[in-house]
Number of protein chains: 2
Amino acid sequence: MVKTSLDAIDRKILKYLIKNARMPFLEIARECGISGAAIHQRIRKLDEAGVILGSRLIVDPKMMGFDVCAHISITLKDPQLLKKTVEELRKVPEIVECHFITGNGNILVKLYCVDNEHLMRTIFDGILRIQGIATTETNISLQEVFQREVNIDFIEE
Amino acid sequence: MVKTSLDAIDRKILKYLIKNARMPFLEIARECGISGAAIHQRIRKLDEAGVILGSRLIVDPKMMGFDVCAHISITLKDPQLLKKTVEELRKVPEIVECHFITGNGNILVKLYCVDNEHLMRTIFDGILRIQGIATTETNISLQEVFQREVNIDFIEE
DNA sequence: GCTGAAAACCAAACAAG
DNA sequence: CTTGTTTGGTTTTCAGC
């Protein structure tokens, strides 16, 4: 996992696209004071280097009918089963994030469900049936107050 | 927070753009079998309805120099200070997510830091100095195994 | 709500410095 | 690493259905 050195223009390009993935390259070019072709090549390079992972439309989960957001901390029966368990968790469509963590539990997942009944089914039929999972601890998110991308401004190199 | 009724085409449009925010509208149009102008109008409507919140380039935090990811559960001195505390948390650039939660603590934040020393400074100088915060409990994410947008396929209306 | 067409605009690739 | 140019595709708007 090698770090690429990003110069000021790279960071400026990323900053704009992090806020709006559909911002035209030519508009970025005008903001940065270089040609569109240069922006295009820099973005391609950032993509190939793995700095850029993709782009996403951000939708309001509530508007899509997902009224329940929760974090679940999962404790494994056996640490050996980590990789296999993750592969099973990946198949649970409600889960949007998965971390290996320190502290209480071994895995932390974030998920969205339609309602509490759906959450219950997801926990009991989706998560607890996975071999290797011993216990879960669920924390409901009453409100997702804000969500944003990592701010790259305060790395001044 | 009224739910808009999304038909099959709306969901198809969103599904494509959630995977790739820069997918050309005309390509979506071809996949959906309707004109580009219709796609354009539907997306504008979804935007105005608040279903679409924006779009983001997804960057690898590690590549940007953020080697440490953590979740911090925050307990307030006084529940009255909730709103004010959130406004202060919003000013901490390292924080990318903020929830009101049930269970252990009142607020859960997710953040990225450059290293453990930076995390320590963020907790002590950034978070614990905020009026109204009593205690914090930090959970380091050893690895962010995956991260994706909510899968809208399993809502079949 | 959709369409097709027009005008303005953009992405991508190129040779060249 | 940059630029200007070119080609084909795209966005956006609008009248009309």
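Just above sits the structure.
Numbering of residues starts from 1 in every chain and runs along the sequence as written. Chains carry letters from A onward and ligands carry numbers from 1 onward, assigned in written order. Predicted model: local features are reported for residues with pLDDT of at least 70 only, side-chain atom pairs are reported and counted for 80 or more only, and whole-chain, interface and lining totals are derived from all residues. Side-chain measures were taken over the full set of non-hydrogen atoms in the model, leaving aside hydrogen atoms and water.

*Asks:* Whenever I open this one, the environment of B:Ala8 confuses me. Can you help?
*Replies:* Counting from the N terminus, the helices are DSSP H or I runs at least four residues long and the strands are E runs at least two residues long. One can find B:Ala8 in helix 1 (residues 8-19). A C-alpha to C-alpha distance of 9.6 Å links B:Ala8 and B:Cys32, two positions 24 residues apart in sequence.

*Asks:* Teacher, can you tell me more about the protein's contact with DNA strand D here?
*Replies:* By convention in this text, a residue qualifies as near a molecule or strand provided that one of its non-hydrogen atoms is within 4 Å of it. What surrounds DNA strand D is a group of 14 residues, the closest being A:Arg22, A:Ser35, A:Gln41, A:Arg42 and B:Phe25. Near the protein, within 4 Å, the atoms of DNA strand D are sugar or phosphate in 71% of cases. Between A:Lys45 and DNA strand D, the recorded distance is 3.1 Å, taken from a side-chain N or O atom to a phosphate oxygen. N or O atoms closer than or at 3.5 Å make up a polar contact, with two conditions inside protein: a donor-capable atom paired with an acceptor-capable one, and, for residues adjacent in sequence, both atoms drawn from side chains. Contacts to DNA strand D include B:Leu26, whose backbone N or O atom sits 3.3 Å from a phosphate oxygen. Within the residue set of the surface near DNA strand D, elements represented by two or more residues are helix 3 (36-48) of chain A together with helix 2 (25-32) and helix 3 (36-48) of chain B. As a working rule, the residues Ala, Val, Leu, Ile, Met, Phe, Trp, Tyr, Cys and Pro are called nonpolar, Asp, Glu, Lys and Arg charged, and the rest polar, with Gly in that last group. Class assignment for the residues of the surface near DNA strand D results in seven nonpolar, three polar and four charged.

*Asks:* I keep staring at helix 5 (residues 116-127) of chain B and nothing clicks. Help me out?
*Replies:* Side chains three or four residues apart in an α-helix point the same way, a direct result of the helix having 3.6 residues per turn. All names here are of chain B. Buried, partly exposed and exposed residues are distinguished by accessible area as a fraction of the type maximum, computed with a 1.4 Å probe on protein chains only: under 20%, between the cut-offs, and over 50%, respectively. Every buried residue belonging to helix 5 is among His118, Leu119, Thr122, Ile123, Gly126 and Ile127, and all of these are buried. Looking straight down helix 5, one finds that the buried residues subtend no more than 135 degrees of arc, so they occupy a single side. The exposed set on the far side of helix 5, more than 90 degrees from its buried face, consists of Asn116, Phe124 and Asp125. On its buried face, helix 5 sits against strand 2 (68-76), helix 4 (82-90), strand 3 (95-101), strand 4 (107-113) and strand 5 (133-147). Throughout, the arc means that of the directions going from the helix axis to the C-beta atoms. Contact definition: two residues touch when any of their heavy atoms are within 4.5 Å.

*Asks:* How do you make sense of the relation of the copies chain B and chain A when you look at a structure like this?
*Replies:* Both copies of the chain are tied together by a single rotation about an axis and a shift running along it. In the superposition of chain B on chain A (RMSD 0.1 Å, axial shift 0.0 Å), the rotation amounts to 180 degrees. On this basis, the relationship between the two copies can be described by a two-fold rotation axis. In this assembly the copies share their binding face: 100% of the residues contributing to the interface of chain B also contribute to that of chain A. The copies were overlaid with a least-squares fit restricted to C-alpha atoms from residues scoring a pLDDT of at least 70 in each copy.

*Asks:* What am I meant to see in the side chain of A:Ser73 here?
*Replies:* Residue and element names in this part refer to chain A. Along the chain, the position of Ser73 falls in strand 2 (residues 68-76). Of the polar contacts made by the side chain of Ser73, one reaches the backbone oxygen of Asn104; its length is 3.0 Å. Not counting the four nearest positions on each side in its chain, Ser73 is found in contact with Asn104, Gly105, Ile107, Leu108, Thr135, Thr136 and Glu137.

*Asks:* I keep staring at the packing of helix 2 of chain B against helix 3 of chain B and nothing clicks. Help me out?
*Replies:* When two helices pack together, their arrangement is captured by the angle between the axes and the distance separating the axes. All names here are of chain B. Where helix 2 meets helix 3, the axes come as close as 8 Å, and the angle between the chain directions of the two elements is 105 degrees. As summarised for this structure, helix 2 and helix 3 are arranged roughly perpendicular, according to the angle between their axes. Taken together, the residues of helix 3 that come into contact with helix 2 (itself represented by Phe25, Leu26, Ile28, Ala29 and Cys32) are Gly36, Ile39, His40 and Ile43. Of the residues contributing to the contact of helix 2 with helix 3, the split by class is seven nonpolar, two polar and no charged. Lines fitted to C-alpha atoms define the axes, with helix axes restricted to the stretch in contact, and inter-axis angles between N-to-C directions lie between 0 and 180 degrees. The scheme is simple: roughly parallel for angles under 35 degrees, roughly antiparallel for over 145, roughly perpendicular for 65 to 115, oblique for anything else.

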